[in-house]
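# Structure at a glance
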Amino acid sequence: MTPATTSRPPGPTAPRLVKCVVWDIDNTLLDGVYLESDAAPPAANQAMVAILADLASRGILHAIASKNPPQAAEHAAAVTGARFAAVECGWDAKSVALARIAADLSIGTDALAFVDDDPYERAEVSAALPEVLVLAPGEMADAVGWAEFGAAAVTDEARRRGEMYAARRRRQAAERAFAGGREEFLASAGTRVTIAAASQDDVPRLHELSARTRQFNSAGRAAAAAEFASWIAAAYTEVVTVRLRDAFGDDGVVGACVTSHGGDGTWTVRLLVMSCRAMGRGVIGGLLAWLTRSAARAGAREVAVPCVLNERNVPLRVALTGAGFRAGAGPGPAAPATGAVFRRGTGTALPELPSWLRAPGEADAPIAAELRHMLARITGRDELAGLPADAPLFGDAVALDSLTGTLLLREVQRRFGVDVAGTDLNLDALATVGTLASFIAGQGGS
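All figures in this text were calculated on a predicted structure; none of them were measured in a lab.

### Focus: the overall build of the protein
Along its length, the protein carries 17 helices and 13 strands. Seen through its principal axes, the protein has C-alpha atoms that stretch 85 × 55 × 35 Å. Classification of the 446 residues of the protein by burial places 50% in the buried group. Of the accessible surface of the protein, which amounts to about 19,600 Å², a share of 54% is contributed by carbon and sulfur atoms. The average position of the 43 basic charges and that of the 50 acidic charges among the side chains of the protein differ by 4 Å.

What follows is the structure in structure tokens.
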């Protein structure tokens, strides 16, 4: 392989981080052409094997785009020992393959690098997708030191990123085979979202999230580690982490929210970031619901989320709108230079939390949400899924009778391990959904 002599291409002052390197196979990952091999397929290129391992240790994903049969990708994976998060083998244009890979991984094409020995293929991708960092194999030894490829991994999430994307594929396959709705699937998959106060130990991961996240980044920029450390230490600023796991794997810290609590009755979200791995899993909606409920409990009249407007963070703005936030341009100190402030008041009906979310001040809320769905199933009345927490269970809204009451208590014991009838002899816990949820929480149910 002839080393490339080209120098590092000029770029912006703050280069975009590469999240995934897409590799060709022939004369790139392999020392030869797969379909032209005779007795045995070509061996791995050892220089590329070392680079694959180095980049993977930093949390950078690998993918394959090759004009070859799928067996070539299987061979490349076996001889390089690398884990490939996506594979596109076929005879479409390489730019088409890269676009599919980006969509499959829920990242932008501007977060891709493409490595191919063929000058024509590199030119085709550069013309069709100019935002992709395009490289020849001989350039990779120098390129791994460029800012686009970040620093060595310091977080557990970065080291396990390939493993997390493998879990993502298993989760997506299970969801496609699932007969129910999305919320039912999330519950059946054992989804657990935990919101908790951040500590100084979380600073490296919080900085990494803000640097790597573009689709869910309200500030549109990376926040320095020193900024997070200062926010965590500040008296009137709250920083929380959002952790996500389910039966398919543990994603670790996937989100963060930095909120200032001023004396004007407004909670201002200085930064909201969320990993793209949490997309479609109800996490951003759960965080915004908890934020609104927390502000209401503290007596704030509204939550304000200043948001830089760019083409990449449309998913965040859609999520804000879906959570009841409405945008307006500044004015005011909260307004970003180019953007809008999304606001939601706390005086209207507060959002419910999903049953699989755990957060400060919300011990009973997930239990109450699950009780509502139990009532809806037992009675066959879907409207009870939205029952207010203070609605009497024996009143007109529910009209609980002895049969449905017995079925409900049986479900409660099966799900939460709490024998309400055996503990609360007068069954005062059955006054409302809220009293029943509090009783179950007090008995250690979760």
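### A short note on the pairing of strand E12 (residues 339–345)
In this structure, strand E10 (residues 302–308) lies alongside E12, joined through 7 bridges in antiparallel fashion. Among the inter-strand pairings, Val 305 is bridged to a residue of E12, identified as Phe 342. Note: strand E11 (residues 326–328) against E12, 3 bridges, orientation antiparallel. Each residue of the ladder has a partner; that of Gly 328, found in E12, is Val 341.

### Some words on the packing of aromatic side chains
Under the criterion given, the structure shown has 2 aromatic pairs. Centroid distance Phe 178 to Phe 185: 5.6 Å. Interplanar angle 65°. Geometry classified as edge-to-face. The class for Phe 178 is partly exposed, based on a relative accessible area of 30%. Here Phe 185 falls in the buried class, since its relative accessible area comes to 4%. Between Phe 228 and Trp 231 the ring centres are 5.4 Å apart and the planes differ by 90°, which places this aromatic pair in the edge-to-face class.

### Structural notes on unusual backbone geometry
For Asn 27, which is not glycine, the phi torsion reads 55° and is therefore positive. Mapping Asn 27 onto the fold places it in helix H1 (residues 25–29). With a phi close to 60°, Ser 106 is a non-glycine residue in the positive phi region. Its location among the elements puts Ser 106 in the loop between helix H4 (94–105) and strand E4 (112–115).

### Some remarks on the pairing of strand E6 (residues 192–197)
Here 6 bridges tie E6 to strand E7 (residues 237–246), and the two strands are oriented antiparallel to one another. Bridge pairing in E7 links Arg 192 to Arg 245. Where E6 lies against strand E13 (residues 357–358), 2 bridges are found, and the strand directions are parallel. Looking across to E13, one finds that Val 193 is bridged to Leu 357.

### Description of the sheet that holds strand E1 (residues 20–23)
In space, the 5 strands of this open sheet follow the order E3-E2-E1-E4-E5, with parallel pairing throughout. If you trace the sheet from one side to the other, it starts and ends with strand E3 (86–89) and strand E5 (133–135), each paired once. Neighbour-to-neighbour, the strand axes of this sheet turn through a mean angle of 20°, independent of strand direction. Along the sheet, helix H5 (residues 119–128) makes contact with E4 and E5, crossing E5 at roughly 170°.

### Notes on helix H17 (residues 433–442)
For H17, every residue scored as buried is listed here: Val 433, Leu 436, Ala 437, Phe 439 and Ile 440. One face of H17 carries all of its buried residues, which in axial projection span an arc of 160°.

### Observations concerning helix H2 (residues 46–57)
Residue pairs three or four apart in sequence face the same way in an α-helix, which turns once every 3.6 residues. Between its first and last C-alpha, H2 extends 17 Å over 12 residues, near the 16 Å set by a 1.5 Å rise per residue. If you follow the buried residues of H2, they end up packed against E1, H1, strand E2 (61–66), helix H3 (70–80) and helix H6 (140–143). Two or three places before Ala 47, at the opening of H2, Asn 45 has a side-chain oxygen 3.0 Å from that residue's backbone nitrogen. Phi for Gly 59, located one or two positions after H2, is positive at around 90°.

### So, the pattern of salt bridges
For the coordinates displayed, the defined rule picks out 25 salt bridges. For the salt bridge of Glu 121 with Lys 67, the shortest nitrogen-to-oxygen distance reads 3.1 Å. Note that Glu 121 is positioned in helix H5 and Lys 67 in the loop between E2 and H3, a separation of 54 residues in sequence. Take Lys 67: its relative accessible area is 28%, and that puts it in the partly exposed class.

### Here's the deal with the environment of Ile 195
With respect to the helices and strands, the residue Ile 195 is situated in strand E6. The exposure class assigned to Ile 195 is buried, which follows from its relative accessible area of 4%. Remark: the alpha-carbon pair of Ile 195 and Ala 256, spanning 61 residues in sequence, is separated by 8.8 Å. Apart from the residues lying within four places of it in its own chain, the contact partners of Ile 195 are Val 240, Thr 241, Val 242, Leu 287, Trp 290, Leu 357, Arg 358, Ala 359 and Pro 360.

### With respect to the side chain of Ser 275
Mapped onto the fold, Ser 275 is located in the loop between strand E9 (266–274) and helix H12 (283–297). In this structure Ser 275 touches Leu 209, Thr 213 and Val 254, once residues within four positions along its chain are discounted.

### Considering the sheet that holds E10
Across the sheet, which stays open at both edges, the 8 strands sit in the order E11-E12-E10-E9-E8-E7-E6-E13 with mixed pairing between neighbours. Bordering the open sheet on either side are E11 and E13, each of which pairs with just one other strand.

### Observations concerning the confidence of the model for the protein
Here the protein averages 86 in pLDDT, while 91% of its residues score no lower than 70. Counting contacts from residues 1–7, a segment whose pLDDT is below 50, to residues more than four positions away or on other chains yields 10 contacts.

### What to know about the state of the cysteines
By definition, a disulfide links the sulfur atoms of two cysteines through a covalent bond. With the rule as written, the count across this model stands at 0 disulfides. As a non-bridged cysteine, Cys 20 has Cys 276 as the owner of its nearest cysteine sulfur, 11 Å distant. Unpaired in this structure, Cys 307 has its nearest cysteine sulfur neighbour in Cys 257, at a distance of 12 Å.

Definitions and cut-offs
- Residues numbered from 1 in each chain as written.
- Predicted model: local features only at pLDDT ≥ 70, side-chain atom pairs only at ≥ 80, totals over all residues.
- Heavy atoms only, no water.
- Helix = DSSP H or I, 4+ residues; strand = E, 2+ residues; numbered from the N terminus.
- Buried < 20%, exposed > 50% of the residue type's maximum accessible area, 1.4 Å probe, protein only.
- Areas by Shrake-Rupley, 256 points an atom, 1.4 Å probe, with all protein chains shown as cover.
- Lys, Arg positive; Asp, Glu negative; His and termini not counted.
- Charge placed at Lys NZ, Arg CZ, Asp CG, Glu CD.
- Pairing = 2+ DSSP bridges.
- Phe/Tyr/Trp six-rings, centres within 6.5 Å; stacked < 30°, edge-to-face > 60°.
- Axes fitted to C-alpha atoms, helices over the stretch in contact; angles between N-to-C directions.
- Contact = heavy atoms within 4.5 Å.
- Arc of directions from axis to C-beta.
- Expected span 1.5 Å × (residues − 1).
- Polar contact = N/O pair within 3.5 Å; in protein donor to acceptor, adjacent residues only side chain to side chain.
- Salt bridge = Lys/Arg side-chain N within 4 Å of Asp/Glu carboxyl O.
- pLDDT = per-residue confidence, 0-100.
- Disulfide = S-S within 2.5 Å.

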